[in-house]
Amino acid sequence: MTTDIDQLQSELLAAVEGAADLAALEAVRVTALGKQGTVTGLLKTLGALSPEERQTTGPRIHSLREAVTEALATRKGALDREALDARLASETLDMSLPIGGLATGSVHPVSQVMEELAEIFADLGFAVATGPEIEDDWHNFTALNIPETHPARAMHDTFYFDEVDGEGRKMLLRTHTSPVQIRTMVGQKPPIRIIAPGRTYRSDSDATHTPMFHQVEGLVIDRGITMGHLKWTLETFVKAFFERDDIVLRLRPSYFPFTEPSMEVDVGYTRDKSGRRIIGGAEPDGWMEILGSGMVHRKVIEACDLDPNEWQGFAFGCGIDRLAMLKYGIDDLRAFFDGDLRWLRHYGFAALDVPTLAQGVGA
Ligand code: DAH
């Protein structure tokens, strides 16, 4: 019996050691420890032995089972490691491969237009300035010569916070990008030439208004700036943006608290054969308003601690979403912010198509 057990043990341990993979190892385990296994069979014989025999043979059979169980576990660990090493050696992940299909993103028309504006105005010597979307009522209104009683201050237009800031100013979501004019004039010495694109907010929602929308502000402050500079700048910008030289602008007198004089600017459109409006054409069929502008009001310049007798300038403000709709023929504003991937795939731009003047900014 003793020699049988010893021999079985060495056979089993050899079989465990020789198992080439996990399946072979499992087969050895079943042969030894399964219901019909050899070791299980030996354990079953214990009951039939005399008490003396059981005392000598019992421990040997148990230690056989332990030795085999342990050898199986050790061999399994080694085979698992081998399998993992083989996978690590054969599997590679090429991070440079394009992801393709659904996962490929595109540039939103609003981002594209912002890039185009930055490119066009950089060529005219304008830097891009930014300001906070959570503003205070001094920057958003007071410094821009919008008094307490101005309708733009009414609750139905402006999203207010309950809190006031450290200086007791009411906090709000900026209703336009014009406060960036103030921050720029307070923060840096003239001459100033900036555009400030960004998100703006008004409590307004219908087919042509969304509570969040985008504007771009323009500001020039220098000595001896006139409306001639303003007109030339706007014409140059609009022609570059719509990529046509035959664009006619119409300047209409208007009112903004922060400019004097103020004007609204329309672009001329013509109609194509199907009656669709196309921006441009030397003899316009009609006009579309695209922006507000004017000469910066002396009270605004004074509010920023500059001397209006020394420094003058012009400013303009323009809806970016509307520019994108006009340039790229998109007719529903709300679709801009639905996040529908089908819309984005249709109207979006390839991420690496950075707008350049040389190619035509929107190419
Ligand atoms: N802030 C104005 C608005 O949101 C737009 C505007 C008009 C900006 C005239 C200007 C400007 O800088 O000169 O309606």
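The structure presented is a predicted model; accordingly, all values stated were derived computationally and were not measured.

**Student:** Quick one: what's the story with the nonpolar core, residue by residue and with numbers?
**Tutor:** Of all hydrophobic cores here, the largest spans 42 residues; its most connected members are Leu117, Leu234 and Phe237. Looking at this core, the elements with two or more residues in it are α5 (109-123), β6 (212-222), α8 (227-242), β8 (259-271), β10 (286-296), β11 (312-319), α10 (320-328) and α11 (341-347). Here this core takes six residues from α8, the largest share from any one element. When neighbours within four sequence positions are excluded, Phe237 is seen to be in contact with Leu117, Ile120, Phe121, Leu291 and Leu323. Ranked by size, the runner-up nonpolar core spans 22 residues in total, among them Leu144, Val180, Met185 and Cys304.

**Student:** Help me get a handle on the sheet that holds strand β3 (residues 160-164), residues and values and all.
**Tutor:** Strand order in this open sheet of three strands is β2-β4-β3, and the pairing throughout is antiparallel. Edge positions in the sheet fall to β2 (134-136) and β3, since each of these pairs with one other strand and no more. Along the sheet, successive strands turn relative to each other by an average axial angle of 35 degrees, direction set aside. Here β3 pairs with strand β4 (residues 170-173) via two bridges, running antiparallel. Opposite Tyr160, over in β4, you have Leu172 as the bridge partner.

**Student:** With reference to specific residues and values, describe the domain arrangement of the protein chain.
**Tutor:** Interfaces are often sized by the amount of accessible area the parts lose when they come together. Considered domain by domain, the protein chain is made up of domain 1 (2-90) and domain 2 (109-347). Distance from the C-alpha centre of domain 1 to the C-alpha centre of domain 2: 82 Å.

**Student:** Before we move on, could you go through the pairing of β6 and cite the residues and values that matter?
**Tutor:** Each regular strand displays side chains that alternate between the two surfaces of the sheet. When you tally the buried positions in β6, you get nine out of eleven residues, the bulk of the element. Pairing between strand β5 (residues 192-201) and β6: ten bridges, direction antiparallel. Residue pairing across strands places Pro197 opposite Val216, the latter belonging to β6. Of the strand pairs in this sheet, β6 and β11 are connected by eight bridges, and their pairing is antiparallel.

**Student:** Quick rundown of the packing of helix α2 (residues 22-33) against helix α3 (residues 38-45)? Include the residues and the values.
**Tutor:** Packed helices, taken two at a time, are described by their axes: the angle between them and the distance between them. Packing of α2 against α3 brings their axes to within 3 Å, and their N-to-C directions diverge by 15 degrees. Between α2 and α3, the interaxial angle falls into the category roughly parallel. Facing Thr31, Ala32 and Leu33 of α2, the residues of α3 in contact are Thr38, Val39 and Thr40. Classifying every residue of the contact of α2 with α3 gives three nonpolar, three polar and no charged.

**Student:** Break down the pattern of salt bridges for me, with residues and values.
**Tutor:** Summed over all chains, the structure comprises 19 salt bridges. The shortest N-O distance in the salt bridge between Lys231 and Glu235 comes to 3.4 Å. Here Lys231 pairs with Glu235, and both are found in helix α8, just four residues apart, close to one helical turn. On the basis of relative accessibility, which here comes to 40%, the residue Lys231 falls in the partly exposed class. Here the salt bridges share partners, and the residues they tie into one network are Arg250, Arg252, Glu264 and Asp266.

Basis of the calculations
- Residues numbered from 1 in each chain as written.
- Predicted model: local features only at pLDDT ≥ 70, side-chain atom pairs only at ≥ 80, totals over all residues.
- Heavy atoms only, no water.
- Core = buried A, V, L, I, M, F, W, Y, C linked by side-chain atoms within 4.5 Å.
- Buried < 20%, exposed > 50% of the residue type's maximum accessible area, 1.4 Å probe, protein only.
- Helix = DSSP H or I, 4+ residues; strand = E, 2+ residues; numbered from the N terminus.
- Contact = heavy atoms within 4.5 Å.
- Pairing = 2+ DSSP bridges.
- Axes fitted to C-alpha atoms, helices over the stretch in contact; angles between N-to-C directions.
- Domains from an automatic or database assignment.
- Parallel < 35°, antiparallel > 145°, perpendicular 65-115°, else oblique.
- Nonpolar A, V, L, I, M, F, W, Y, C, P; charged D, E, K, R; others polar.
- Salt bridge = Lys/Arg side-chain N within 4 Å of Asp/Glu carboxyl O.

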